Amino acid sequence: MNKKELVKKFNQDKIISLVYLFVFIGISAWTLYTPLMGDDLFMVTKSVKGIISEGVREYFQWNGRFFGQFFARLLVLNNGIVAAIMNGFCFTLLTFFINKLSGLSSRSTLSKTLWMTLLTISFIPEFGETVMWRAGAGNYLWMTTICLAYLYFLQRVSFNKEKLLSRIILFILGGGLALISGWSNENTGLGIIIIAAVIIFINPHERVSILKIVLWLISIVGYLFLLKAPGNRIRLGAEANIPVIKRVITNIAISNQDFWSYSVTVILTIMFCCLFSVKYIFGGRNNIAEISKTIAYFISGYVVIYMLAAAPGTSGTHRAYFSGVIFMIIAIGRCVPEDLSKSLKQQDNKMIRMVVLLSLIFSVCKISTGMIDALCTDHAYRQRYALIEKKIRKGKKQVISIPKLSYTPVTEYSLHWEITNDPNAYPNLLYQHYFKIKGVTLRE
C-alpha cells in the first residue's frame, strides 16, 4: 500500500469513527430523554444485589432470561445520564459488530458502514420497545449485542496462533460470551448455535479448533439452562405440558401469516434474494465457506422468528423479531461489495444500485419521521409524570385521575401504553408501584 492509499485509508477510518461517535451521541441523548415506561416502572431496584436476587427469583418463578432481565434492571437502576451512556455505547457496539460480521474482510469502508448503520436503525423491529424501553433494551438490544460479540470472537480469534497465557484469557472471555449468548432468549439462542456451528466447522483457512468446539458446547449448555428454567413452566401454564413440536405445528400458521404481513421481514427477504442472486448466483462466486455463512445468517433469522410459534401469544409481538431481523441484515450486508460507493458507479451493478438507493430513501424518511414521533411522545409522557408528581406534592395520594396523553404516537419508534379506567389493570398498577400512590385512572 503506497503513501496516497495509506492517507486515504486513514482519513476514511477517521470518518467511520465519526459515524460511530454520532450514533453513540444520538442514541445516548435519545435514551436520556425517554422516560421510564411500562415494565420499567416496576423494575425499580435499589442495588445490584437486589437485581441479582430478583433475577434468581424470576428464574424459578417466571422466566429463565436471567441475563436479559439483569441488564434491563441495571439500566433502570442507573436511569439518567449513566444509563443513557450505557445504552448508547451498547447500540454503537451493535452497529459495529453488524458491520464487521457483514464484511467478507476486516477492511471497513465508509459507504458500506454508513449504509449498514442506516439499514439497521430503519429496520429494527419496534425500535422504541427494543432500544429505548429499558425492559426491552436489556432483553433484546443488549443480549443481541453480546451474541454478535460471541460470533465476532469466533470469527476473528485463532487459538492456534496464541501463546498459552493468551489462550487461557481468550478462552475465559469466549466462555463467558458463549454462556450468555446461549442463555440470551429462547429463539435467539438457537440461531446463535446454528451460526456458530457454521463458523467453527466450515472454515477452509483454519483447522477445526477444539477450544472453539468447547465454546460452542458451552453455548448449548447456556441454552439448556434457559429452556429448563422452572419459571418457564409456571409462565406457560397448561401449555408447558404440550410438547414443543406440537406447539410449533399448532401455531405455525399464525406465525407464518404474521411474518409475511409484516413489512420489515418481507422487504428484507426481497432485498436478500435480489442481492444474493447478483453476488453468488449470477456473480459466479464459488467460496463455499462464505456462501455457507451468508445462508446461515439468513436462515437463522427465519429460525429465530418462526421459533416464536413454540411460545403461544408471542408470534405477533414484533419486538421478539429483533435478533432474527439483525441476522437477516447481516446476511444482506454480506451480499454487498465492501467498497459500496465504487460498486454503485459500475454500470453492471444496476440491481445493487437500485436496492441500495431505494433503501437509503426509505431509511432517511422512516428514521426522521420516527424520531420526531418518539420525541413528541416522550414529551407527552414527561408532562403526564410531572402532573402526577404535582398532585402528589399537593397531598393527593389516593386514586389520581389524569387526562389522556396530549399526543398519540403513530410509529414503532415510540413507546406507548395508555392507562385505562381500572386502577388495578395494566399499566395503571405500574403507576401505583412507581409513584407510591393508591392508583391512577384515565379521565374521560
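Scroll up to find the structure.
Summarised in this report is the structure supplied together with it. (Residues numbered from 1 in each chain as written. Predicted model: local features only at pLDDT ≥ 70, side-chain atom pairs only at ≥ 80, totals over all residues. Heavy atoms only, no water.)

1. What to know about the pattern of salt bridges
Applying the stated criterion across every chain, the model contains seven salt bridges. A salt bridge links Glu 186 to Arg 65; its shortest N-O distance comes to 3.3 Å. Residue Glu 186 is found in the loop between helix 8 (164-182) and helix 9 (188-201), and its partner Arg 65 is found in the loop between helix 2 (48-61) and helix 3 (66-77); the two are separated by 121 residues along the sequence. For Arg 65, a relative accessible area of 16% translates into the label buried. The closest approach of N and O atoms between Arg 334 and Glu 290, which form a salt bridge, is 2.3 Å. On the criterion of sequence distance, the pair formed by Arg 334 in the loop between helix 15 (322-333) and helix 16 (340-345) and Glu 290 in helix 14 (residues 288-306) is long-range, its members being 44 residues apart. Here the two residues Arg 334 and Glu 290 agree in accessibility, since each one is buried. Each of Glu 54, Arg 57, Glu 58 and Arg 73 takes part in a single network of salt bridges with overlapping partners. (Salt bridge = Lys/Arg side-chain N within 4 Å of Asp/Glu carboxyl O. Helix = DSSP H or I, 4+ residues; strand = E, 2+ residues; numbered from the N terminus. Buried < 20%, exposed > 50% of the residue type's maximum accessible area, 1.4 Å probe, protein only.)

2. As for helix 10 (residues 210-227)
When the terminal C-alpha atoms of helix 10 are compared, their 26 Å separation across 18 residues agrees well with the 26 Å that a helix rising 1.5 Å per residue should span. Structurally, helix 10 contributes buried residues whose contacts are with helix 7 (134-156), helix 8, helix 9 and helix 11 (230-236). The N-cap of helix 10, judged by a side-chain oxygen 3.4 Å from the amide nitrogen of Leu 211 a few residues on, is Ser 209. (Expected span 1.5 Å × (residues − 1). Contact = heavy atoms within 4.5 Å. Polar contact = N/O pair within 3.5 Å; in protein donor to acceptor, adjacent residues only side chain to side chain.)

3. Observations regarding the nonpolar core
Membership of the largest hydrophobic core comes to 123 residues, with the highest contact counts inside it found for Phe 91, Trp 115, Phe 127, Leu 148, Tyr 150 and Leu 151. Broken down by element, the residue count for this core peaks at 15 residues, all from helix 7. Setting aside chain neighbours within four positions, we find Leu 151 in contact with Leu 101, Ile 192, Ile 195, Ala 196, Ile 199 and Tyr 297. (Core = buried A, V, L, I, M, F, W, Y, C linked by side-chain atoms within 4.5 Å.)

4. Considerations on helix 13 (residues 263-281)
Each turn of an α-helix holds 3.6 residues, which means side chains three or four residues apart point in the same direction. In this model helix 13 runs 26 Å from its N-terminal to its C-terminal C-alpha over 19 residues, within 8% of the 27 Å that 1.5 Å per residue would give. Buried within helix 13 are the following residues: Val 264, Thr 265, Leu 268, Thr 269, Met 271, Phe 272, Leu 275, Phe 276, Ser 277, Lys 279 and Tyr 280. Elements that come into contact with the buried residues of helix 13 comprise helix 5 (110-123), helix 12 (244-261), helix 14, helix 15 and helix 17 (350-393).

5. Thoughts on the packing of helix 5 against helix 17
Look at helix 5 against helix 17: their axes get within 9 Å of each other, and the N-to-C directions meet at 50°. Relative to helix 17, the element helix 5 lies oblique. Considering how the two elements wind past one another, helix 5 and helix 17 form a crossing that is left-handed. Along its contact with helix 5, which presents Trp 115, Leu 118, Leu 119, Ile 121, Ser 122 and Phe 123, the element helix 17 presents Val 356, Ser 359, Leu 360, Phe 362, Ser 363, Lys 366 and Ile 367. (Axes fitted to C-alpha atoms, helices over the stretch in contact; angles between N-to-C directions. Parallel < 35°, antiparallel > 145°, perpendicular 65-115°, else oblique. Left-handed = near helix turned anticlockwise from the far one by under 90°.)

6. Structural notes on the packing of helix 7 against helix 15
Between helix 7 and helix 15, the least distance of the axes is 10 Å, while the angle of their chain directions is 40°. Between helix 7 and helix 15, the angle falls in the class oblique. As helix 7 packs across helix 15, the resulting crossing turns out to be right-handed. Packed against helix 7, whose contacting residues are Tyr 140, Leu 141, Thr 144 and Leu 148, the element helix 15 presents Phe 322, Ser 323, Ile 326, Phe 327 and Ile 330 at the interface. Within the contact of helix 7 with helix 15, the residues separate by chemical class into seven nonpolar, two polar and no charged. (Nonpolar A, V, L, I, M, F, W, Y, C, P; charged D, E, K, R; others polar.)

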